[in-house]
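An overview of the molecular structure
Now for the letters of each chain:
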Amino acid sequence: MTSLFSKFEGLAGALGSVVAAGGRNPFAVVIEKPISSTVGVIEGRETLLFGTNNYLGLSQSERAIKAAQEAAATCGVGTTGSRIANGTQSLHRKLERQIADFFERRDAMVFSTGYQANLGMISALAGKDDYLILDADSHASIYDGSRLSAAQVIRFRHNSPDDLYKRLKRLDAPNSAKLIVVEGIYSMTGNVAPMAEFAAVKRETGAYLMVDEAHSFGVLGEHGRGAAEAEGVEADVDFIVGTFSKSLGTVGGYCVSDHPELELVRLNCRPYMFTASLPPEVIAATGAALEDMIAQPELRRQLMDNAAHLHAGFTKLGLNASKRVSPVIAVTLETVEQAIPMWNRLLELGVYVNLSLPPATPDSRPLLRCSVMATHTAEQIDQALAVFGQAAQECGVPLQPCAA
Amino acid sequence: MSETVESVSALIIQKLLANPKVPRDIDGNCKIMEDLAFDSLAVMNFVMEVEDSLDVSVPLDKLADIRTINDLAACIVDLKNKG
Ligand SMILES: Cc1ncc(COP(=O)(O)O)c(C=O)c1O
């Protein structure tokens, strides 16, 4: 008889060789104890965290911790129900108002994760007769949302407004609604979307535009509203989706919009309707973290300074870092045989980053993906750079230093 | 609008052979993922190239039903005839 698990044989082999090449499973790292936003204990060692997406360090926000404690004490630790049944407390509505006000939008929907926000919004909005037009490098949650939707799905070349335009023109479907989906900052590479050009294509073709600001919320734009704010095209964005799990340091997802029909989406959105809502302590912590973020715009400046510091250091060392400076900085290596030992050596020397292997990387080369935090000190960044230099040398990774 | 399954299939094979990693002896009955060892991302990226050569867009949901080079060719011819 066929085993249910025979489809995993290839994966088991691939994982086995990754473990054999480096001595540990990179996808089973345990942070034994978080010490601060930037340091955690891994394998008994204090390790610098450069791969947690905790851009503003707010997972350790005093204000958020206190709010969570108070909410748990007064409201309990769970809602035991979906948003459309018994799972909406006044805290949920209050947070939705807070998020909508922050984005200066009519209304907001809060989901249990960012993954579900994409799944829910994309599948609810794009119906059988509609077209979804996705950036080729979209996050898994966007692809999964498109599979849950009945729409026809077209990919366009990553970050290419010209290709988007060409593919929209090619459609020749005047009676179908079209929804373009892009991200503000791409999670693997740190690439930033050319939002103004995408907005121009949207205007010219009459499509709708959704932007996933998961990695750009709290990071880009004068107020931290993301890539659309940074390029001054928020009015062209019909829907912004995002997550609380990065810059706000908690968990949950959202969608904001000026379209009054958002109220109807609540009743036509399976990942919103058929799952339990976020517990009171998470909702309260998220609202408090948002207040923290608004109260400390200097965190965003510090974050960008830190990103520039790390990026310049990589370039000086001769590592191939992302072109654009953003808080996601991916170091591209040429081969998996270099990447696995290097990632392991970094961890042994006390620096945690994310190892991304093809085919989960955009151009079939492996990445050491770093995420920078506002709370990293200059000394921590210099230390991480020294460790990168040492690990590269020990692992025989070729360096091409530029004159700095 | 004169493409046939044969002509589109020939064009696909010609494009595939431009990639040195693809076996030399492929034909229209080859299964794209199994015989060419393409992962799902590689298939989507390859289809994008074919789309541009033939000025057509193949919706992703259609790709789910495509296994061989000839399946892809037939799907494209079908899409072009509708257009
Ligand atoms: C671009 C993008 N969208 C959505 C998500 C999902 O967010 P969450 O962790 O809240 O499910 C992520 C992060 O994993 C992401 O990188």
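Along each chain, residues carry numbers from 1 onward, in the same order as the chain's sequence is written. Ligands are numbered from 1 and chains lettered from A, in the order in which they are written. Whole-chain, interface and lining totals are the exception, using all residues; otherwise, since this is a predicted model, local features are given only for residues with pLDDT of at least 70 and side-chain atom pairs are given and counted only at 80 or more. Heavy atoms throughout the structure, all of them, feed into the side-chain values; hydrogens and water do not.

The name given to chain B in an unreviewed UniProt entry is Acyl carrier protein, with the source organism recorded as Acetobacter fabarum.

Basically, it comes down to this: UniProt positions are given in the numbering used here, feature names are shortened, and annotations may be inferred rather than shown by experiment.
As recorded in an unreviewed UniProt entry, chain A goes by the name Aminotransferase class I/II-fold pyridoxal phosphate-dependent enzyme, listed as coming from Acetobacter lambici. The UniProt entry for chain A carries the following text under Cofactor (unreviewed entry): "pyridoxal 5'-phosphate". One UniProt comment on chain A, placed under Sequence similarities (unreviewed entry), says "Belongs to the class-II pyridoxal-phosphate-dependent aminotransferase family."

Let's talk about the overall build of chain B
To keep things clear, this is the line we draw: Counting from the N terminus, the helices are DSSP H or I runs at least four residues long and the strands are E runs at least two residues long. Put simply, the radius of gyration uses C-alpha atoms, and a globule should come to 2.2 Å times the residue count raised to 0.38. Here, two residues are considered to be in contact whenever any of their heavy atoms come within 4.5 Å of each other. Working definition of accessibility: Shrake-Rupley area with a 1.4 Å probe, residue cover restricted to the visible protein chains. Counted as positive: Lys and Arg. Counted as negative: Asp and Glu, with His and the chain ends omitted from the count. Each charge is placed at NZ for Lys, CZ for Arg, CG for Asp and CD for Glu.
Scanning chain B from N- to C-terminus turns up 5 helices and 0 strands. If you list the helices and strands of chain B from N to C, you get α-α-α-α-α. The C-alpha radius of gyration of chain B comes to 12 Å, within 12% of the 12 Å expected for a compact globule of 83 residues. With the C-alpha coordinates aligned to their principal axes, the bounding extent of chain B is approximately 35 × 25 × 20 Å. For chain B, the proportion of contacts with a sequence separation of at least 24, taken over those separated by at least 6, is 56%. As presented, chain B carries roughly 4,500 Å² of accessible surface, and 52% of it is formed by carbon and sulfur atoms. Charged side chains in chain B number 8 positive and 15 negative. The centres of these two groups are separated by 2 Å.

A word on empty space enclosed by the protein
Formally: Computed over the protein atoms alone on a 1 Å grid, cavities are sets of points where a 1.4 Å probe fits but cannot get out and pockets are open sets with protein on both sides within 12 Å along at least five of seven lines; a residue lines them when it has an atom within 4 Å of a point. Grid points are joined across faces, edges and corners, and a volume is the space filled by probe spheres set on the points.
One pass over the structure, following the stated rule, counts 1 cavity of 30 Å³ or more. Its volume calculated, the largest cavity comes out at about 50 Å³. Every residue lining the largest cavity is listed: Arg155 of chain A together with Met44, Val47, Met48, Glu51, Val58, Leu60 and Leu63 of chain B. Elements with a minimum of two residues in the lining of the largest cavity: helix H3 (40-54) and helix H4 (60-63) of chain B.

Some points on the layout of surface pockets
Short version of the rule: Charged residues are taken to be Asp, Glu, Lys and Arg, nonpolar residues to be Ala, Val, Leu, Ile, Met, Phe, Trp, Tyr, Cys and Pro, and polar residues to be all remaining types, Gly included.
Of the voids in this model, the largest pocket is the one considered here, and its volume is about 1,300 Å³. Surrounding the largest pocket, 39 residues form its lining, Tyr143 and Arg147 of chain A together with Ser40, Leu41 and Met44 of chain B being those nearest its centre. Put simply, the parts of the chain that give the lining of the largest pocket at least two residues each are helix H5 (140-148) and strand S6 (152-156) of chain A together with helix H2 (32-36), H3 and H4 of chain B. Grouping the amino acids of the lining of the largest pocket by side-chain chemistry returns 21 nonpolar, 9 polar and 9 charged. If you add up the space inside the second largest pocket, you get close to 630 Å³. Lining the second largest pocket we find 36 residues, and of these Gly51, Thr52, Asn53, Lys246 and Arg369 of chain A sit closest to its centre. Elements with a contribution of two residues or more to the lining of the second largest pocket: helix H4 (114-125), strand S9 (239-243) and strand S14 (354-356) of chain A. Tallied by class, residues from the lining of the second largest pocket come to 12 nonpolar, 20 polar and 4 charged.

Structural notes on the nonpolar core
Just so we agree on the cut-off: As used here, the term nonpolar core means buried Ala, Val, Leu, Ile, Met, Phe, Trp, Tyr and Cys residues forming a set that is joined through side-chain atoms within 4.5 Å. Note on exposure labels: buried denotes an accessible area under 20% of the residue type's maximum, exposed denotes more than 50%, and partly exposed covers the range between, all computed with a 1.4 Å probe on protein chains only.
Core analysis: the biggest nonpolar cluster contains 61 residues, and Ile99, Ile133, Ile180, Val182 and Met195 of chain A have the highest contact counts within it. Sorting elements by how many residues they give to this core places helix H11 (residues 280-295) of chain A first, with 8 residues. Ile133 of chain A has contacts with Ile154, Phe156, Leu164, Leu168, Leu171, Leu179, Ile180 and Val181 of chain A, leaving out every residue within four places of it along the chain. One finds Met109, Ala117 and Leu262 of chain A together with Val47 of chain B within the second-largest nonpolar core, a separate group that totals 52 residues.

Examining the packing of helix H1 (residues 5-17) of chain B against H3 of chain B
Residues and elements named next belong to chain B. This is how the line gets drawn: Angles here are taken between N-to-C directions and fall from 0 to 180 degrees, while the axes themselves are lines fitted to C-alpha atoms, restricted in helices to the stretch in contact. If an angle is under 35 degrees, it is roughly parallel; if it is over 145, roughly antiparallel; if it lies from 65 to 115, roughly perpendicular; otherwise it is oblique. Less than a right angle of anticlockwise turn of the near helix away from the far helix marks a crossing as left-handed, whereas a clockwise turn marks it as right-handed.
Relative to each other, H1 and H3 sit at 125°, their axes nearing to 11 Å. If you check the angle between H1 and H3, you find them oblique. Crossing of H1 against H3: the hand is right-handed. Note on element contacts: H3 touches H1 through Phe46, Glu49, Val50, Ser53 and Leu54, opposite Val8, Leu11, Ile12, Lys15 and Leu16. Partitioning the contact of H1 with H3 into residue classes produces 7 nonpolar, 1 polar and 2 charged.

Quick notes on H4 of chain A
Residues and elements named next belong to chain A. Stated precisely, the cut-off is as follows: Helix span, expected: 1.5 Å multiplied by one less than the number of residues in the helix. Two N or O atoms count as a polar contact when they lie within 3.5 Å, although within protein this holds only if one can serve as hydrogen donor and the other as acceptor, and sequence-adjacent residues are included solely when both atoms are side-chain atoms.
Under the 1.5 Å per step criterion, the end-to-end length of H4 is 16 Å for 12 residues, consistent within 8% with the ideal 16 Å. Among the 12 residues that make up H4, 10 are buried, leaving the element largely enclosed by the rest of the structure. Where H4 is concerned, the buried positions are Gly114, Gln116, Ala117, Asn118, Leu119, Gly120, Met121, Ile122, Ser123 and Ala124. Structurally, the start of H4 carries an N-cap: the backbone nitrogen of Tyr115 is 3.4 Å from a side-chain oxygen of Thr113.

Looking at the interface of chain A and chain B
To be explicit about the condition: In this description, buried area is defined as the sum, over both parts, of the accessible area (probe of 1.4 Å) that is lost when the two are combined. Throughout this description, the term salt bridge denotes a Lys or Arg side-chain nitrogen within 4 Å of a carboxyl oxygen of Asp or Glu.
Each partner contributes to the interface: chain A provides 15 residues, whereas chain B provides 16 residues. Buried area between chain A and chain B, summed over both chains or domains, comes out near 1,300 Å², and the portion from carbon and sulfur atoms is 49%. Together, Arg155, Arg157 and Arg170 of chain A form the three largest contributors to the area buried by chain A at its contact with chain B, with a combined 44%. If you look at where chain A meets chain B, you find 6 salt bridges. We note a salt bridge from Asp52 of chain B to Arg167 of chain A, for which the minimum N-O separation is 2.9 Å. There are 11 residue pairs in polar contact (both at pLDDT 80 or more) connecting chain A and chain B. With 5 residues, S6 of chain A is the single largest residue contributor to the side of chain A that touches chain B. Looking at the side of chain A that touches chain B, its residues break down into 7 nonpolar, 2 polar and 6 charged.

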